[in-house]
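Summary of the model geometry
For reference, the chains in residue letters:
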Amino acid sequence: AQSVTQLDSQVPVFEEAPVELRCNYSSSVSVYLFWYVQYPNQGLQLLLKYLSGSTLVKGINGFEAEFNKSQTSFHLRKPSVHISDTAEYFCAVSGPSYGQNFVFGPGTRLSVLP
Amino acid sequence: GAVVSQHPSRVICKSGTSVKIECRSLDFQATTMFWYRQFPKQSLMLMATSNEGSKATYEQGVEKDKFLINHASLTLSTLTVTSAHPEDSSFYICSAAGGAQGDTQYFGPGTRLTVL
């Protein structure tokens, strides 16, 4: 079975500061990794995904994530956050086939302060 | 990108009544649709997976007679919460995959169900 851990339930950060949201996963099979963002009372929007190839993945809204197989991590980063980035962020894993056995992490609440 | 809609966005009902939630893929044919439930300040939990024309596959612990899922066409899946009770109050989110979008799941905006 696969599992996803997001160690930080809440991350407050000042506007224009860098941020890293941590994600670790556990799986006995090859995985595909995703980051989603959820704004209040809305569904999920895909930020980025890792399928294969380069371990550094760039997504929308200036976010990027790096897949580290040895550390089973897929941390999300942004060099300079905006107030509008305030939202809930979910890391997810699927595998061994793409889109199969989708498991979400508990989420990290990013609060960007003025 | 692919667009998935849900209707209604919010619904309030009395205990004991049934509620139907629709999930539509607006610009692609979704061979597979997923239904998730999200409790306040918690992550999404997969309830069931449905393939067009087939019976839904429910996750362990999800009552299939309680949460009826129908995926009758490539663009529409419905979730019916039968004899709803206050503990069924939650945020229900669907996602769709398939067709030109491949296996990528595209999520709907969610439906807030409140059972009084």
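For the structure, see preceding data.
Residues numbered from 1 in each chain as written. Chains lettered and ligands numbered in written order. Predicted model: local features only at pLDDT ≥ 70, side-chain atom pairs only at ≥ 80, totals over all residues. Heavy atoms only, no water.

With that settled, the discussion passes to the pattern of salt bridges. Residues and elements named next belong to chain B. With the rule as written, the count across this model stands at 7 salt bridges over all chains. A salt bridge links Glu 22 to Arg 24; the shortest N-O distance between them is 3.4 Å. When its relative accessible area of 23% is taken as the criterion, Glu 22 is described as partly exposed. Asp 88 serves as the salt-bridge partner of Lys 66, at 2.7 Å between the closest nitrogen and oxygen. (Salt bridge = Lys/Arg side-chain N within 4 Å of Asp/Glu carboxyl O. Buried < 20%, exposed > 50% of the residue type's maximum accessible area, 1.4 Å probe, protein only.)

What follows covers the interface of chain A and chain B. Counting residues at the interface gives 15 residues for chain A and 16 residues for chain B. Counting the surface lost from both chain A and chain B, the interface buries some 1,300 Å², and carbon and sulfur atoms represent 54% of this. The tally of links between chain A and chain B comes to 0 salt bridges. Where chain A packs against chain B, one counts 3 residue pairs in polar contact (both at pLDDT 80 or more). (Contact = heavy atoms within 4.5 Å. Buried area = accessible area lost by both parts, 1.4 Å probe. Polar contact = N/O pair within 3.5 Å; in protein donor to acceptor, adjacent residues only side chain to side chain.)

Quick look at the packing of aromatic side chains now. Applying the stated criterion to the full structure yields 12 aromatic pairs over all chains. Through a chain of ring-to-ring contacts, the aromatic side chains of A:Phe34, A:Tyr36, A:Phe90, A:Phe104, B:Tyr36 and B:Phe107 assemble into a single cluster. (Phe/Tyr/Trp six-rings, centres within 6.5 Å; stacked < 30°, edge-to-face > 60°.)

Residues and elements named next belong to chain A. Core analysis: the biggest nonpolar cluster contains 27 residues, and Leu 33, Trp 35, Leu 47, Leu 48, Phe 74, Leu 76 and Tyr 89 have the highest contact counts within it. Mapped onto this core, the elements with two or more residues apiece are β2 (10–14), β3 (19–21), β5 (32–38), β6 (44–50), β8 (64–68), β9 (73–78), β10 (87–94) and β12 (108–113). By residue number, the principal contributor to this core is β10, which donates 4 residues. (Core = buried A, V, L, I, M, F, W, Y, C linked by side-chain atoms within 4.5 Å. Helix = DSSP H or I, 4+ residues; strand = E, 2+ residues; numbered from the N terminus.)

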